[in-house]
Amino acid sequence: MTEAILLVGGKGTRLRPLTVHTPKPMVPAAGVPFLTHQLARARAAGVDHIVLATSYLAEVFEPYFGDGSALGLHLEYVTEEEPLGTGGAIRNVASRLHSAPDDPVLIFNGDILTGLDIKALVRTHETTGADVSLHLTKVTDPRAYGLVPTDDTGRVTAFLEKPQTPEEIVTDQINAGAYVFRRSVIDTIPAGRPVSVERETFPDLLAAGAHLQGMVDSTYWLDLGTPAAFVRGSADLVLGRAPSPAVPGRCGDRLILPTARVAPDAKLTGGTVVGEGAFVAEGARVFGSTILPGAVIEPGAIITDSLIGTRARVGERSVLTGTVIGDGAVIGADNELREGVRVWCDARIPSGAVRFSPDL
């Protein structure tokens, strides 16, 4: 296997305001755009040609990654004029592939952080003679996912939409968002219209008697679709819980990019990242959080499980827990923001304006 398709066209609506100016795969995780980790892992598995299926803010990708040579890859970019869904995006880039009809093509979603053994998935595909092979993972609560039951040999028997009752939960296996397609199967996807592989392509192939093989790999898997998940994924990369050859430094409690400045008595733990040009002042405490480039954390601020956007500022003694601060936003001193709060880009919260406790 030498080719892959990477689906990076989504709008990342659930991640706003992080994705107002930046497509989801380009939001930094562990110091580099998340997409970098996926590209590096594919390269380590032997892939050398990747076609990026872009749509939302498509103009951002190529200026950053170029032809891919810096990563040892050959990258191409195809932009959808109108969103085509997962299956439509795959079909839309098919002309850029060089594989023979029976060759395997790796396909993966641009918002999944995983420790998947890519080579093992390809081996499974080849040894079983499958038309499509799917990475499956087991989850404790499968109600939010589509279920993929398999028989004793791992062959997929059905695709079940999100279960609504306990009786519908027939397996804890879910579609984990990485596939190997036989090259010729890609050409059977309808062209020029939106298609969902999950709701249309896979069920139709199964109904037509195609061989769809599942491989369960639960080493590490995280859907980065929400701010809380994205922050956790970045921290897990820094801590070494999620594997990636693209982390720009040693794994540990914190990752400080070269031009960042951190006061000697500031405390950074839990996989915290401080981006280029950012500043963390004296007495600040930051746990499991991402501080994007150019952001400023003022003296005594306490930040936990949060993401602070590019050039944003958090005022003195403010306490943030499970929050997202958009690019350029300013949080005045002595504020208290709790789980789920999202402050939009360039917004300004005056000193002492928001709090949950009578005293900070």
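Residues numbered from 1 in each chain as written. Predicted model: local features only at pLDDT ≥ 70, side-chain atom pairs only at ≥ 80, totals over all residues. Heavy atoms only, no water.

- Going by the annotation in an unreviewed UniProt entry, the name recorded for the protein chain is NDP-sugar synthase, with Streptomyces shaanxiensis given as the source organism.
- Turning to the protein chain, the UniProt record has this under Sequence similarities (unreviewed entry): "Belongs to the transferase hexapeptide repeat family." (UniProt positions renumbered as here; feature names shortened; annotations may be inferred.)

### Considering the sheet that holds strand β28 (residues 348-349)
So, point 1. Taken in spatial order, the six strands line up as β13-β16-β19-β22-β25-β28 in an open sheet, and their pairing is parallel. Each edge of the open sheet is held by one strand with a lone partner, namely β13 (261-262) and β28.
So, point 2. Relative to strand β25 (residues 330-331), strand β22 (residues 313-314) runs parallel, the two being bridged by two bridges. Residue pairing for β25: R313 is matched across the bridge by V330. (Pairing = 2+ DSSP bridges. Helix = DSSP H or I, 4+ residues; strand = E, 2+ residues; numbered from the N terminus.)

### Things to note about the sheet that holds strand β12 (residues 254-256)
So, point 1. Here we have six strands laid out as an open sheet, ordered β12-β15-β18-β21-β24-β27, and parallel in their pairing. Because the sheet does not close on itself, it has two edges, and the strands there are β12 and β27 (342-343).
So, point 2. Note: β12 against strand β15 (residues 272-274), three bridges, orientation parallel. From the neighbouring strand, R254 faces β15, where its bridge partner is T272.
So, point 3. Against the sheet, helix α7 (residues 227-239) touches β12, β15, β18 (290-291), β21 (307-308), β24 (324-325) and β27, its axis set at about 90 degrees to β15. (Contact = heavy atoms within 4.5 Å. Axes fitted to C-alpha atoms, helices over the stretch in contact; angles between N-to-C directions.)

### Points about the packing of aromatic side chains
So, point 1. Scanning the entire structure with this criterion turns up seven aromatic pairs.
So, point 2. Taking the centre distance of 6.5 Å and the plane angle of 65 degrees together, the rings of F34 and F230 count as edge-to-face. Note that F34 is positioned in helix α1 (residues 34-44) and F230 in helix α7, a separation of 196 residues in sequence.
So, point 3. Using a relative accessible area of 1% as the deciding quantity, one classes F34 as buried.
So, point 4. Note on Y179 and F202: the rings are 5.1 Å apart at their centroids and 75 degrees apart in plane angle, and the pair reads as edge-to-face. Of this pair, Y179 sits in strand β9 (residues 173-182) while F202 sits in helix α6 (residues 197-207), placing them 23 residues apart in sequence. Accessibility assignment for this pair places Y179 and F202 in one class, buried.
So, point 5. Three or more aromatic residues joined by ring pairs make a cluster, and in this case those are F159, Y179, F181 and F202.
So, point 6. Seen from the ring of F279, R261 lies directly overhead, with NZ or CZ sitting 4.4 Å from the centre. (Phe/Tyr/Trp six-rings, centres within 6.5 Å; stacked < 30°, edge-to-face > 60°. Buried < 20%, exposed > 50% of the residue type's maximum accessible area, 1.4 Å probe, protein only. Lys NZ or Arg CZ within 6 Å of the ring centre and 35° of its normal.)

### Observations concerning the side chain of K24
So, point 1. Checked against the element boundaries, K24 lands in the loop between β1 (3-7) and β2 (28-29).
So, point 2. A residue is classified by how much of its surface remains accessible, and K24, at 12% relative accessible area, is buried.
So, point 3. At 3.0 Å, the side chain of K24 and the side chain of D111 are in polar contact.
So, point 4. Setting aside its immediate chain neighbours within four residues, K24 contacts G12, L15, T19, D111, L224 and F230. (Polar contact = N/O pair within 3.5 Å; in protein donor to acceptor, adjacent residues only side chain to side chain.)

### Some details on the nonpolar core
So, point 1. Among the nonpolar cores identified, the biggest contains 29 residues, and I5, I107, L134, F181, I186, F202 and L212 are the most heavily contacted of them.
So, point 2. Mapped by element, the contributors of at least two residues to this core are β1, β4 (49-54), α3 (85-92), β6 (104-109), β8 (132-138), β9, α5 (183-186) and α6.
So, point 3. Residues in contact with F202, not counting those within four places in the same chain, are V132, L134, F159, N175, Y179, F181, V197 and L212.
So, point 4. Ranked by size, the runner-up nonpolar core spans 26 residues in total, among them L106, L116, A120 and L121. (Core = buried A, V, L, I, M, F, W, Y, C linked by side-chain atoms within 4.5 Å.)

### Examining the UniProt feature "domain: Mannose-1-phosphate guanyltransferase C-terminal" (unreviewed entry) in the protein chain
So, point 1. With numbering matched to this structure, UniProt assigns "domain: Mannose-1-phosphate guanyltransferase C-terminal" (unreviewed entry) to residues 252-332.
So, point 2. For residues 252-332, the helix share is 0%, the strand share is 42%, and the end-to-end C-alpha distance is 31 Å.

### Topic: the packing of α3 against α6
So, point 1. Across the interface, α3 lies against α6 with an axial gap of 7 Å and an inter-helix angle of 70 degrees. Between α3 and α6, the angle falls in the class roughly perpendicular. Two secondary-structure elements touch here, α3 through T86, G87 and I90 and α6 through V197, E198 and T201.
So, point 2. For the contact of α3 with α6, a count of residues per class yields two nonpolar, three polar and one charged. (Parallel < 35°, antiparallel > 145°, perpendicular 65-115°, else oblique. Nonpolar A, V, L, I, M, F, W, Y, C, P; charged D, E, K, R; others polar.)

### Here we look at helix α4 (residues 118-128)
So, point 1. Among all positions of α4, only I118, A120, L121, V122, T124 and H125 are buried.
So, point 2. On its buried side, α4 packs onto α1, β6, β8, β9 and β10 (212-216).
So, point 3. A side-chain oxygen of the first residue of α4 lies 3.3 Å from the backbone nitrogen of K119; this N-cap is D117.
So, point 4. Just past α4, the residue G129 takes up positive phi, approximately 70 degrees.

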